[in-house]
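Residue-level structural notes
The primary structure of each chain is shown beneath.
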Amino acid sequence: MAPSNPLANWEKLGDSFYRKVPIYDAVFDDDVQLENYIVVGAPYGGAIGMQQTTYSKASLYRDESKLFRFRDAQTNKSNIDIYSCSGKHINRIHWEYGTIRGLGWSDREELLVVTEDGMGAEEYGVRACRFWTSGFHHAPKEKYPHDPTESEDKVLQNGPFKHASVSPTGKFVALITAEGKVWVVSSDFQSKYSEYDPESRVTPRTVEWCGDDAVVIAWEDELHLIGPSGVAARYYYDDTVHVMPEFDGVRLITNETCEFLHKVTVLLDSVDLLEKKSPKADENIQRIRSSLPEAVDICVKAAGHEFHSHWQKRLLKAASFGKSVLDLYNSDEFVEMTERLRVLNAVRDYQIGLPISYEQYIRLTPEKLIERLVNRHEYLLAIRVSEYLQHPANKIYVHWASQKVKVSTVDDEAVCKLIVQRLEGKPGISFELIAQAAYDEGRAHLATQLLNHEPRAGKQVPLLLNMEEDEIALEKAIESGDNDLVNYVLLHLKSKLPLASFFRMINSRPMASALVEATARLEDTELLKDLYYQDDRPIDGSNVLLSEALNETELSRKTGKIHLASRLLADSKDASVVLQQKLLSEASQLLKVQESLDKDLTDRSEFLGLSLNQTIYRLIRSGYGKRAQKLQSEFKMSEKTYWWLRLRALVAKRDWGELEEIGKSKKSPIGWEILGAGNTKLASLFVPKCTNLSAEDKVEMWVKCGMIVKAGEEAFRAKDFNTLEVLRGRASGPAATEIERMINQLRPRK
């Protein structure tokens, strides 16, 4: 039930107001005696986590100091139970790892447990620990904020202190003195701001900060709220109250109630004026018109800080009336607040039990709030909130499906079908994560089935390899057409499988085989040779060896490689293979000849490694024609090839005499067209021998030799009047006269 007045439960402490808001009632069952437990709550309205022993049914961490009243030597096992703030049981952890010395929570609602033999405290054991949202600190013996070397410290010299608690911003520290007084000092212990005497010599069980301005101290059933000026408000309970700090207040838990005690940040002076109850309302509006925008904003903000929907609606209605009177007012904050309140009210519902405040929601963010709902398996609400806020819900569906494969007892096909049907058409779903969950549960077959629905091969393949589904992984990678992904799989398989098994796996998959071949060609010639051998490709294998031989500088290694290349081809009867083997044999023979030539003619490595054509060319050009002719005979080089090589070598060395001797031959295996290259006078001797050339080509050759008249005679014999006209333009002196005479003879007579 909402209070009849929004100002109910307000307490004035100095210049500030604080209020205690009831959120849930009838939280825990009657058989849960909270006075026997230490209750720890996660921040942002989070869960309550505790230890349970066989003496209590509550999900609370039992106060070790009171165990003597219930100790039974026959029972020593304990549990840690997790509850919502409304008393809904969330989870139970069976604890078998030693005596618990402290429980705490992180910002991500992760439970932190410290045992008696905590790390770093083996010698003394852990006696106490303090938590903050990103970690904790433990102490093997009691510690006091005391440093004897700082003799001028204004505060510490009054120690020791029984308790110290740091404010949320780290600016202040609350101390309990030996006399039981509460001091608030600066975090450097140099300044004292306030002092409060609770008038009790019993040390408080709890000292916490309520925001950054007030301190809460609590005994079993009594709580004092101490303001900045040292003024306090006192609250009394019928049973034990447990204090759980938030950055903007404290949650108070008893068996019967869950309350939120916090500082009031928005005053409601304008509410009554904005509520349209009587004809005088318009008159009131006109009276505050200048401050009306501010009044509307205050109502909107106040609605955000209300936990009860009754007052939220009333404040928003007042704000709506106020902004309707204004000519210009930006409604964005009003709309945004109504959206946020819908979310807050949904998660604060008793069945969910997440009483997060508006300020906590803003700091936590909607994404983290949704994450908390998901972790509690409140999937339906998480999806509705995501859709309402237009956030992607894919992670929620994935979490649901992952949980389903963990707890489902039906067969793999049924689970897979259920998940696929439920997630069909949902964008951004990662079946890889669901499959990983199935695999982690030992359901490898289900994991494989689920992966068939993962559209991204890059997500399928790594998990398949991890599951040792090697062939399926390779098939998925090949289907994707992604060379990098296929290479990733191949690299994994090569490092894992025997070489013969690896080659068998890729042999029937052309893409995989081609990628292995391409990679090996660049990076691993030994693997390439093994691939060709396994694939029965002797020519390709011998070519690799031949390529290696050409790169060798030492003769013995070069000939050895060629010999191995030849042996690969020895048993084949294929014509192309036989020819290849013959060429390899000749290459080996040529190397021996070249070694001899280097030794006899140059005394250095000049011939070794050259091709047969290059060797003969170099011999002729160097004046060793007879040796070149001998090589031609030994290696059965064709006459045409030899003549070409001989011509090129003689022209290169400008041996015109030898070329003239060639010209005396009646027949040339390569024709006569180019035998005079480089010497026009010599070339002119060979033009008449070119009997197979057209008149046009012969004209061009005579012109290249500088013999215009001879070119004219060829054109005259062909009765080519136009060519003669062209030649006349290029001729001079007697040659021009002769060309003119030929033209006149061809010119038609009148």
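To be clear, the structure that these remarks concern was listed above.
The present account deals with the structure reproduced in this document. Note that the coordinates shown come from a computational prediction; the quantities given were computed from them, not determined experimentally.

Thresholds applied
- Residues numbered from 1 in each chain as written.
- Predicted model: local features only at pLDDT ≥ 70, side-chain atom pairs only at ≥ 80, totals over all residues.
- Heavy atoms only, no water.
- Helix = DSSP H or I, 4+ residues; strand = E, 2+ residues; numbered from the N terminus.
- Buried < 20%, exposed > 50% of the residue type's maximum accessible area, 1.4 Å probe, protein only.
- Contact = heavy atoms within 4.5 Å.
- Areas by Shrake-Rupley, 256 points an atom, 1.4 Å probe, with all protein chains shown as cover.
- Axes fitted to C-alpha atoms, helices over the stretch in contact; angles between N-to-C directions.
- Parallel < 35°, antiparallel > 145°, perpendicular 65-115°, else oblique.
- Left-handed = near helix turned anticlockwise from the far one by under 90°.
- Nonpolar A, V, L, I, M, F, W, Y, C, P; charged D, E, K, R; others polar.
- Pairing = 2+ DSSP bridges.
- Core = buried A, V, L, I, M, F, W, Y, C linked by side-chain atoms within 4.5 Å.
- Phe/Tyr/Trp six-rings, centres within 6.5 Å; stacked < 30°, edge-to-face > 60°.
- Salt bridge = Lys/Arg side-chain N within 4 Å of Asp/Glu carboxyl O.
- Expected span 1.5 Å × (residues − 1).
- Arc of directions from axis to C-beta.
- Polar contact = N/O pair within 3.5 Å; in protein donor to acceptor, adjacent residues only side chain to side chain.

Points about the overall build of the protein
The number of helices and strands found in the protein is 30 helices and 23 strands. A burial count over the protein gives 45% of its 750 residues as buried. Of all intrachain contacts in the protein linking residues separated by at least 6 positions in sequence, the fraction that spans at least 24 positions is 49%. Accessible surface, the protein as shown: approximately 40,500 Å² in total, 49% of it carbon and sulfur.

Details of the packing of helix H14 (residues 470-480) against helix H15 (residues 483-496)
Taken N-terminus to C-terminus, the directions of H14 and H15 make an angle of 155°; their axes are 8 Å apart at the nearest point. Relative to H15, the element H14 is oriented roughly antiparallel. Where H14 crosses over H15, the two elements pack in a sense that is left-handed. Residues Asp470, Ala473, Leu474, Ala477, Ile478 and Ser480 of H14 lie in contact with H15, whose contacting residues are Leu485, Val486, Val489, Leu490, His492, Leu493 and Lys496. Taken together, the residues that form the contact of H14 with H15 break down as nine nonpolar, two polar and two charged.

Overview of the side chain of lysine 529
Tracing the backbone shows lysine 529 in helix H18 (residues 525-534). Residue classification places lysine 529 among the buried residues on the basis of a relative accessible area of 17%. With residues up to four places along the chain from it excluded, the contact list for lysine 529 reads Val544, Leu545, Glu548 and Lys561.

So, the sheet that holds strand S22 (residues 249-253)
Across the sheet, five strands lie side by side as S1-S2-S23-S22-S21; this open sheet has antiparallel pairing. The strands lining the two open edges of the sheet, one partner per strand, are strand S1 (10-13) and strand S21 (242-246). Recorded for the sheet is a direction-independent mean angle of 25° between the axes of neighbouring strands. By the bridge criterion, five bridges tie S21 to S22 in an arrangement that is antiparallel. Opposite glutamate 246, over in S22, you have glycine 249 as the bridge partner.

Considerations on the pairing of S22
Within S22, five of the five residues are buried, leaving the element largely enclosed by the surrounding structure. Every second residue of S22 is oriented toward a common face, with Gly249, Arg251 and Ile253 on one face and Val250 and Leu252 on the other, all of them buried. Connecting S21 to the next strand, S22, in antiparallel fashion are two residues. Where S22 folds back on strand S23 (residues 257-263), the antiparallel hairpin that results is connected by three residues.

Some words on the nonpolar core
In this structure, Val405, Ile419, Leu423, Ile434, Leu450, Leu474 and Leu490 are the most contacted members of the largest nonpolar core, which totals 85 residues. Setting aside residues no more than four positions away along its own chain, isoleucine 434 makes contact with Val398, Ala401, Ser402, Val405, Ile419, Leu423, Ile429 and Leu450.

Here we look at the packing of aromatic side chains
In this structure the tally under the stated criterion is ten aromatic pairs. Summarising the aromatic geometry, the rings of phenylalanine 28 and tyrosine 83 are spaced 5.5 Å apart at their centres and angled 65° between planes, so their arrangement reads as edge-to-face. Linking phenylalanine 28 in the loop between strand S2 (16-25) and strand S3 (37-38) with tyrosine 83 in strand S7 (residues 78-83), this pair joins segments that are 55 residues apart in sequence. No difference in accessibility class separates phenylalanine 28 from tyrosine 83, as the two residues are buried. With 6.1 Å between their ring centres and 25° between their planes, phenylalanine 172 and tryptophan 209 make a pair best called stacked. Taken together, the residues phenylalanine 172 in strand S14 (residues 172-177) and tryptophan 209 in strand S17 (residues 206-210) connect sequence positions 37 residues apart.

Some remarks on the sheet that holds S14
The four strands lie next to each other as S13-S14-S15-S16, forming an open sheet whose pairing is antiparallel. Only two strands of the sheet have a single partner each, and these edge strands are strand S13 (161-166) and strand S16 (192-196). Strand after strand, the sheet turns through a mean of 20° between neighbouring axes, direction not considered. Two strands pair when backbone bridges link them, and strand S15 (residues 182-186) and S16 are joined in this way by four bridges, in the antiparallel orientation. Among the inter-strand pairings, valine 182 is bridged to a residue of S16, identified as tyrosine 196.

Structural notes on the pattern of salt bridges
Taken as a whole, this structure holds 28 salt bridges when the rule is applied. Between arginine 340 and glutamate 336 there is a salt bridge, with its nearest N and O atoms 3.4 Å apart. In this pair, arginine 340 and glutamate 336 are both assigned in helix H5 (residues 332-348), four residues apart and thus about one turn of the helix distant. Here arginine 340 falls in the partly exposed class, since its relative accessible area comes to 22%. With relative accessibility at 38%, the residue glutamate 336 sits in the partly exposed group. For glutamate 526, the salt bridge is made with lysine 529, and the minimal N-O distance between the two is 2.9 Å. With glutamate 526 and lysine 529 both in helix H18 and three residues apart, this pair spans about one turn of that helix. The exposure class of glutamate 526 is partly exposed, given its relative accessible area of 45%. Through salt bridges with shared partners, one network takes in Glu517, Arg521, Asp535, Arg537 and Asp540.

Let's talk about H15
With 14 residues, H15 extends 20 Å from end C-alpha to end C-alpha; this agrees with the ideal 20 Å at 1.5 Å per step. Within H15, burial applies to Leu485, Val486, Val489, Leu490 and Leu493. The buried residues of H15 occupy an angular sector of 135° when projected down its axis, which confines them to one face. Exposed side of H15, more than 90 degrees from the buried face: Asp484, Leu491 and Ser495 are the residues found there. Contacts made by the buried residues of H15 are with helix H13 (457-466), H14, helix H16 (499-507) and helix H17 (510-523). The opening residue of H15, the one whose side-chain oxygen lies 3.0 Å from the backbone nitrogen of aspartate 484, is aspartate 482.

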